[in-house]
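Close look at the chain arrangement
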Amino acid sequence: MTPDGAAAAAFDAVELRDISRHYGRRRALARVTLTCRAGQILGLLGPNGAGKSTLIGIMSTLVRPSLGEVRYGSRPASQWGDALRAHIGVLGHDLFLYGDLTARENLEFFGGLYGLPDLTQRVDAALEAARLVERANDRVSVFSRGLRQRLALERALLHRPRLVLLDEPFTGLDDESAVLLAARLKTLKTAGSVVVVATHDFEAVDGLLDAVACLREGRLRAIDSAGGTVRERYRQAMRESWS
Amino acid sequence: MTGVLRAAWQIARKDLVIEARSRELASMTLFFAVACILVFAFAFVDDMGRPLPGAAAGILWVAIAFSGTLALGRTFERERQSETLRALLLAPVERPAVYLGKLSALLVLMLAVELVVVALVGLLFDAPLGAAPWMLSGLLLSGTIGFAAVGVLFAAMLVRTRTRDVLLPVLLYPVTVPVVIAGVKGTQAIFAPDPNLDLAAMWLAMLISFDAAFITLSLWTFGPVMSE
């Protein structure tokens with residue numbers, strides 16, 4: 001098995017142990033402990049400034065925790081090296097797309113950086129999945145937010161990542177696109193990916209999440225895998241955290 | 001090593017494609033450099049069309065440094081707009097590849113602008129561009145590499161700073177003073193009525209040493225600098 005293949009096989013969970021992150025004197029995260037497993041969709045919920053994006057930044061390896069450790073499978077990030085990033089796909093608040101490049105060029109550029117084999121077929125499939133085949137040669141700067149969001153999702157999934165981190169993935173999507181995104185997330189789950197979704201759009205993720213982690217003021221207030229609507233679970237968790 | 005060079009080439013090519021479409025950096029940098037030379041021409045060329053002796057080399061390098069600083073400020077600004085810098089850092093490539101890619105694209109742009117700048121200085125200041133064209137090309141190439149090598153590192157360091165436009169020249173000029181001095185002295189030796197190519201070669205060797213030191217240090221520090 002190649003080193004990358006071995007990495008992918010061993011990478012069946014992401015474990016955060018006592019993670020804290022400070023920006024100067026401001027505390028963004030405080031002692032968060034959490035495990036996300038393969039084949040599971042974890043929802044990260046919380047009010048603005050709760051620390052959701054920081055947590056996603058830490059899981060993506062872009063942000064270093066001030067304290068604590070993140071383990072990918074059985075190993076911390078430091079032991080994986082650059083190869084770890086080949087198994088992580090991130091859709092951020094900002095979409096990580098070049099406005100002056102076309103949809104196809106954006107996908108080809110990032111696919112090239114990841115050294116993907118059969119890039120042309122993958123890019124064609126991604127454009128198909130984003131329903132952007134007819135707009136493939138248009139510059140991204142002329143796309144609406146929804147079209148860019150769809151393209152950005154495909155960019156994040158182009159290299160078939162093991163860990164999928166999505167920050168507000170439903171922003172700007174129309175109803176049809178939101179349903180398709182939900183279906184896509186279920187496919188990722190079935191394929192055994194570790195999926196983490198930070199969102200405020202509770203209706204869009206209803207029935208989709210296997211577990212819900214609620215954050216407030218940088219602290220993890222509750223992890224809930226019980227039933228009920230996401231909004232009810234979130235309200236319950238927030239109420240308990242106040243009491 | 002091949003992976004680093006391949007990724008660097010992809011990043012540089014992407015930057016050049018974007019620049020070819022927007023022409024934002026090229027037009028801004030060229031306009032500024034030409035304006036700078038014209039202002040100096042009014043100051044240092046008398047009514048008879050005679051330039052101040054020895055001024056051409058200094059004006060050439062001032063125009064290169066000032067216009068290069070403008071280009072440097074924008075090179076990472078583009079990556080900030082849609083946070084594509086984070087996407088580059090998320091890719092499984094070694095961080096020096098990002099540095100080398102940005103540096104290569106910037107060098108192509110700066111050298112293209114220098115073609116016009118050098119011709120204009122030759123025209124307005126009677127500079128003997130044909131005296132030692134290869135030596136002059138060597139000085140310009142190595143000087144530009146030294147200037148851009150430090151500049152790209154500082155521009156990357158400052159990309160998340162609000163006062164980056166002010167801080168970049170404040171940090172960059174003191175560090176690149178040796179490069180500019182070597183460039184000016186070497187070019188003066190070529191532009192002199194009796195060109196001294198040995199002296200120019202000495203300054204060229206010094207510039208090459210600066211380049212080696214600056215690029216090595218930048219490659220070494222770029223990764224830690226880009227970590228949040």
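Residues numbered from 1 in each chain as written. Chains lettered and ligands numbered in written order. Predicted model: local features only at pLDDT ≥ 70, side-chain atom pairs only at ≥ 80, totals over all residues.

What follows deals with the interface of chain B and chain A. Between chain B and chain A, the contact holds 20 residues from the first and 24 residues from the second. Elements that contribute at least two residues to the side of chain B that touches chain A include exactly α1 (2–22) and α5 (84–90) of chain B. Here the element with the most residues in the side of chain B that touches chain A is α1 of chain B; it accounts for seven residues. Across the side of chain B that touches chain A, the residue classes tally to nine nonpolar, five polar and six charged. (Contact = placed C-beta atoms within 7 Å. Helix = DSSP H or I, 4+ residues; strand = E, 2+ residues; numbered from the N terminus. Nonpolar A, V, L, I, M, F, W, Y, C, P; charged D, E, K, R; others polar.)

Right, let's talk about unusual backbone geometry for a bit. Residues and elements named next belong to chain A. Of note, the phi angle at Asp18 is positive, near 50°, even though the residue is not glycine. Summarising the element assignment, Asp18 is placed in strand β1 (residues 13–23). The phi dihedral of Glu168 is positive, around 50°, even though this residue is not glycine. Positionally, Glu168 belongs in the loop between β7 (163–167) and α7 (175–190).

All names here are of chain A. Overall, mixed pairing links the six strands, which are arranged β6-β7-β8-β3-β9-β10 in an open sheet. Of all strands in the sheet, those with a lone pairing partner are β6 (88–91) and β10 (219–224), marking the two edges. Within the sheet, the average angular offset between the axes of one strand and its neighbour, ignoring direction, is 15°. Direction of pairing for β6 relative to β7: parallel, over a ladder of four bridges. Each bridged residue has a counterpart across the sheet, and for Ile88 the counterpart in β7 is Leu163. (Pairing = 2+ DSSP bridges. Axes fitted to C-alpha atoms, helices over the stretch in contact; angles between N-to-C directions.)

Okay, the nonpolar core next. Formed by 148 residues in total, the largest nonpolar core has its most connected members in Val196 of chain A together with Leu60, Val117, Val121 and Val152 of chain B. At 15 residues, helix α6 (residues 95–125) of chain B tops the list of elements feeding residues into this core. Excluding anything up to four places from it in sequence, Val117 of chain B contacts Ala33, Ile37, Leu60, Ala63 and Ile64 of chain B. (Core = buried A, V, L, I, M, F, W, Y, C linked by C-beta atoms within 7 Å. Buried ≥ 20, exposed ≤ 12 C-beta atoms within 10 Å, placed from the backbone.)

A few words now on the pairing of β1 of chain A. Residues and elements named next belong to chain A. Pairing between β1 and strand β2 (residues 26–37): eight bridges, direction antiparallel. Bridging across to β2, His22 finds its partner in Arg27. Hairpin connection between β1 and β2: a loop of two residues separates the two successive antiparallel strands, and Gly24 in this loop has a positive phi of roughly 65°. One ladder, built from five bridges, connects β1 with strand β4 (residues 67–72); its direction is antiparallel. Looking across to β4, one finds that Glu15 is bridged to Arg71.

With that out of the way, let us pick up the sheet that holds strand β5 (residues 75–76) of chain A. Read from one edge to the other, the open sheet built from four strands follows the order β2-β1-β4-β5 (chain A), with strand pairing classed as antiparallel. Since the sheet does not close on itself, it has two edges, and those belong to β2 and β5 of chain A, each with one partner.

What follows covers the pairing of strand β9 (residues 211–216) of chain A. Along any regular strand, the residues point their side chains to alternate faces of the sheet. All names here are of chain A. Bridge count for strand β3 (residues 40–45) against β9 is four bridges, and the pairing is parallel. Note on β9: the bridge partner recorded for Leu45 is Cys214. In sequence, β9 turns back onto β10 through a hairpin of two residues, with Glu217 there showing a positive phi of about 50°.

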